[in-house]
Amino acid sequence: MISRLTVLGATGSIGQSTLDVVRRHPQRYRVFALSAATRVERMLADVLEFTPQFAVMTDPQSALALMERLPEDCPTQVLAGADALPMIASHADVDMVMAAIVGAAGLLPTLAAAEAGKRVLLANKESLVMAGPLFMDAIRRGGAALLPIDSEHNAIFQSLPAGYDGDARRFGVERILLTASGGPFRGRTHEQLHGITPAQAVAHPNWSMGQKISVDSATLMNKGLELIEACFLFHCTPDDVQVVVHPQSVIHSMVQYCDGSVIAQLGQPDMRTPIAYGMAWPERIDAGVKPLNLFDIARLDFTPPDEATFPCLRLARDAFIAGGTMPAVLNAANEIAVDAFLREQIPFTAIPTLIESVMAAHEARPLTSLQTVLDADSWARTQAAGRLGEFPMNTEKQV
Ligand code: NAD
Ligand code: MG
């Protein structure tokens, strides 16, 4: 039977890898809808190749430009604006939704897919960080299947026993070992982070990814967001998760059991592996990824993370422990900080300081509704934006 797929964030790094897997299995998958913000050329090429029922451009000018470029006989309906996203994520004709919008903008459509009981392929970790308990509740209520696409969480999912429900004692699960590459600045001191440019920060040693997650990897906020993501997905606390820096990015994460066993998932650093796994689960399909050659790798290294130089991991742990609205505040302040860094408005080392100052000004409130999350998100954005001036660029010397 053919599965019909909506790809949210189709023009991005994960979106394009997803379409590559679809392209390899035309008998198995059909694209129902694609969404993007502004990349008209990329969207045009994908619409012509996959002829989805809907193409949503959240930027209205881009939607107009796409409409003008499409041939008259193209069956795809172009829609403009973010309001159309929940519709393509929850439509009755959709079986699975790839949630690959970056940042908080992914929350509402991903929730809509969960509530509608779709198979949710979750790349957009920010939506789970912001609204974890509400999100997991929506998955339960909707009867949705939640498949983690983040490579670490996909590896943990593969390494946990089938049917794992968070009852660690019954399943003999001792702890989760969440691996981290350490990013491009692994091994540097705080002083050596002065004067880092956006181009340096987005040049990840192992993975090719969108700009925002690349900066998150360089600050280790990505690992912080992933720690929170793991706690919600696998029903555990930060004490149950050990972050392990593993610079080769060959082991994608592990689970340690009470009998001394450690089960790991290994593979190339290529997101098509977890994407194909999520799409085909519980079966497996070709992902177009070349086989791992252990003789080429030869060695695997492991060290603890340097939380003094990279405080974002600690901030994320603190946010999860504070609970309620605090993870949403962490996430929103991080989005503003990363954006300001990419625009060269604040230095790299200001990112954690700015986030910490916004968190310190926030009193966590219980997550009673989606509105509580959205209010905390917009409060934190205003706070973070208002503090950007406290971190001028010229206080830093170039290294
Ligand atoms: P990207 O920047 O390459 O692509 C983002 C996509 O989202 C694009 O299609 C863009 O058009 C769309 N988009 C951006 N802003 C939007 C907005 N305001 N409204 C609607 N659409 C918007 O990002 P990416 O690297 O593909 O990452 C996507 C998500 O997957 C992120 O949450 C990231 O953390 C997660 N993720 C990515 C990787 C990876 O290898 N790239 C790995 C694990 C998890
Ligand atoms: Mg990851």
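Presented here is a report on the structure given in the accompanying data block. Everything numeric in this text was worked out from a predicted model, so none of it was measured.

1. Comments concerning the overall build of the chain
And step 1. In terms of helices and strands, the chain carries 17 helices and 11 strands.
And step 2. A compact globule built from 399 residues would reach a C-alpha radius of gyration of about 21 Å, and the chain, at 21 Å, matches this within 12%.
And step 3. By its C-alpha atoms, the chain is 60 × 55 × 45 Å across when sized along the principal axes.
And step 4. Scored against the burial criterion, the 399 residues of the chain give a buried share of 56%.
And step 5. For the chain, the share of sequence-separated contacts (at least 6 apart) that also reach a separation of at least 24 residues comes to 70%.

2. Focus on the coordination of the magnesium ion (ligand 2)
And step 1. Within the protein, the magnesium ion (ligand 2) binds to D150 (OD), E152 (OE) and E226 (OE); these donor distances fall in the range 2.1 to 2.2 Å.
And step 2. Counting residues between consecutive donors of the magnesium ion (ligand 2) along the chain gives the motif D-x1-E-x73-E. Pair noted here: D150 is in the loop between β7 (145–148) and α7 (151–159) and E226 is in helix α11 (residues 221–233), with a separation of 76 residues, a long-range link. No difference in accessibility class separates D150 from E226, as the two residues are buried.

3. With respect to the site of ligand 1
And step 1. As a matter of local geometry, ligand 1 sits amid 22 residues, with T11, S13, A37, E126 and G210 nearest to it.
And step 2. Between ligand 1 and A37, the relevant distance is 2.9 Å, taken from an oxygen atom to a main-chain nitrogen or oxygen of the residue.
And step 3. Between ligand 1 and A123, the relevant distance is 3.5 Å, taken from an oxygen atom to a main-chain nitrogen or oxygen of the residue.
And step 4. Elements that contribute at least two residues to the shell around ligand 1 include exactly α1 (13–24) and α6 (125–142).
And step 5. Per-class residue counts for the shell around ligand 1 are 12 nonpolar, 7 polar and 3 charged.

4. As for unusual backbone geometry
And step 1. A cis amide bond links W281 with the next residue in sequence, P282, at an omega value of 5 degrees.
And step 2. Here P282 shows up in the loop between α12 (272–280) and α13 (294–297).
And step 3. For A298, which is not glycine, the phi torsion reads 65 degrees and is therefore positive.
And step 4. By the secondary structure assignment, A298 is in the loop between α13 and α14 (312–322).
And step 5. A positive phi angle is found at E344, which is not glycine, with a value near 60 degrees.

5. Some remarks on the sheet that holds strand β5 (residues 96–99)
And step 1. What the 7 strands build is an open sheet, ordered β4-β3-β2-β1-β5-β6-β7; its pairing is parallel. Among the strands making up the open sheet, the edge pair consists of β4 (77–80) and β7. Taken pair by pair, the neighbouring strands of this sheet meet at an average axis angle of 20 degrees, ignoring direction.
And step 2. Bridge count between strand β1 (residues 3–8) and β5: 4 bridges; the pairing is parallel. If you follow L5 over to β5, its bridge partner there is M96.
And step 3. Contacting β3 (54–57) and β4, helix α3 (residues 60–69) crosses the sheet at an angle of about 165 degrees to β4.
And step 4. Of the strands in this sheet, β1, β2 (29–36), β5, β6 (119–122) and β7 touch α12, which is tilted by about 170 degrees from β6.

6. Notes on the nonpolar core
And step 1. Counting residues in each nonpolar core, the largest one holds 94 residues, and the members touching the most others are L330, I346, F348 and I355.
And step 2. Broken down by element, this core gets its largest block of residues, 11 residues, from helix α15 (residues 326–342).
And step 3. Ignoring sequence-local partners within four residues, the contact set of I346 consists of A337, A340, F341, I351, L354, L388, F391 and M393.
And step 4. Formed by 38 residues, the second largest nonpolar core is a distinct cluster that contains L5, V31, M96 and A276.

7. Brief notes about the packing of α6 against helix α17 (residues 370–387)
Each pair of packed helices can be described by the angle between their axes along with the distance between the axes.
And step 1. At their nearest, the axes of α6 and α17 sit 10 Å apart, and the two run at 175 degrees to each other. With respect to α17, the axis of α6 lies roughly antiparallel. Each of M130, A131 and L134 in α6 lies in contact with α17, whose residues at this interface are L370, V373 and D377.
And step 2. A breakdown of the residues in the contact of α6 with α17 according to their chemical character gives 5 nonpolar, no polar and 1 charged.

8. Considering the pairing of β5
And step 1. Judged by which residues are buried, β5 turns out to be covered on both faces: M96 and M98 on one side and V97 and A99 on the other are all buried.
And step 2. Handedness of the crossover joining β5 and β6 through helix α5 (residues 107–115) is recorded here as right-handed.

9. Here's the deal with the packing of α15 against α17
And step 1. The contact between α15 and α17 brings their axes to 8 Å, and the two run at 40 degrees. The angle between α15 and α17 falls in the class oblique. Our pair here, α15 against α17, has a crossing hand that is right-handed. Across the interface between the two elements, A328, V329, A332, A333, E335 and I336 of α15 pack against V373, A376, D377, W379, A380, R381, A384 and A385 of α17.
And step 2. Across the contact of α15 with α17, the residue classes break down as 11 nonpolar, no polar and 3 charged.

10. Remarks on α5
And step 1. Among the 9 residues in α5, 7 count as buried, and that is most of the element.
And step 2. Listing the buried residues of α5 in full gives L107, P109, T110, L111, A112, A113 and A114.
And step 3. Those residues of α5 that are buried are in contact with β1, α4 (85–90), β5, β6, α6 and α17.
And step 4. In the stretch just after α5, G117 is the one whose phi turns positive, near 75 degrees.

The rules behind each value
Residue positions are given per chain, counting from 1 as you read along its sequence in written order. Each chain is given a letter, starting from A, and each ligand a number, starting from 1, according to the order in which they appear as written. Local features in a predicted model are, by the rule used here, given only for residues with pLDDT of at least 70; side-chain atom pairs are given and counted only at 80 or more, and totals for whole chains, interfaces and linings are based on all residues. Each side-chain value is derived from all of the structure's non-hydrogen atoms; neither hydrogens nor water enter the calculation. The helix count covers DSSP runs of H or I at least four residues long, the strand count covers runs of E at least two residues long, and both are numbered beginning at the N terminus. A radius of gyration in this sense is built from C-alpha atoms; the matching globule rule multiplies 2.2 Å by the number of residues raised to 0.38. For the exposure calls, accessible area comes from a 1.4 Å probe over protein chains only, and a residue counts as buried if that area is under 20% of its type's maximum, exposed if over 50%, partly exposed in between. By definition in these notes, contact holds between two residues if any of their heavy atoms fall within 4.5 Å. For Na, K and Ca the donor cutoff is 3.2 Å, while for all other metals N, O and S atoms must lie within 2.8 Å; water is not among the atoms, so some sites may look incomplete. To be near a molecule or strand, a residue needs just one of its heavy atoms within 4 Å of it. Here a polar contact means two N or O atoms within 3.5 Å. Within protein one must be a hydrogen donor candidate and the other an acceptor candidate, and residues neighboring in sequence count only if both atoms are side-chain atoms. Residues are grouped as follows: Ala, Val, Leu, Ile, Met, Phe, Trp, Tyr, Cys and Pro are nonpolar; Asp, Glu, Lys and Arg are charged; every other residue, Gly included, is polar. DSSP bridges decide pairing: two strands pair if at least two such bridges lie between them. For helices, the fitted line uses only the C-alpha atoms of the stretch in contact; every axis is such a line through C-alpha atoms, and the angle between N-to-C directions lies from 0 to 180 degrees. For our purposes a nonpolar core is just a set of buried Ala, Val, Leu, Ile, Met, Phe, Trp, Tyr and Cys residues, chained together by side-chain atoms within 4.5 Å. In these notes the angle categories are as follows: under 35 degrees is roughly parallel, over 145 is roughly antiparallel, 65 to 115 is roughly perpendicular, and the rest is oblique. Note on handedness: a clockwise path from strand one over the helix to strand two, with the strands aimed away from the viewer, defines a right-handed crossover. Crossing handedness follows the turn of the near helix against the far one: under a right angle anticlockwise gives a left-handed crossing, and clockwise gives a right-handed one.

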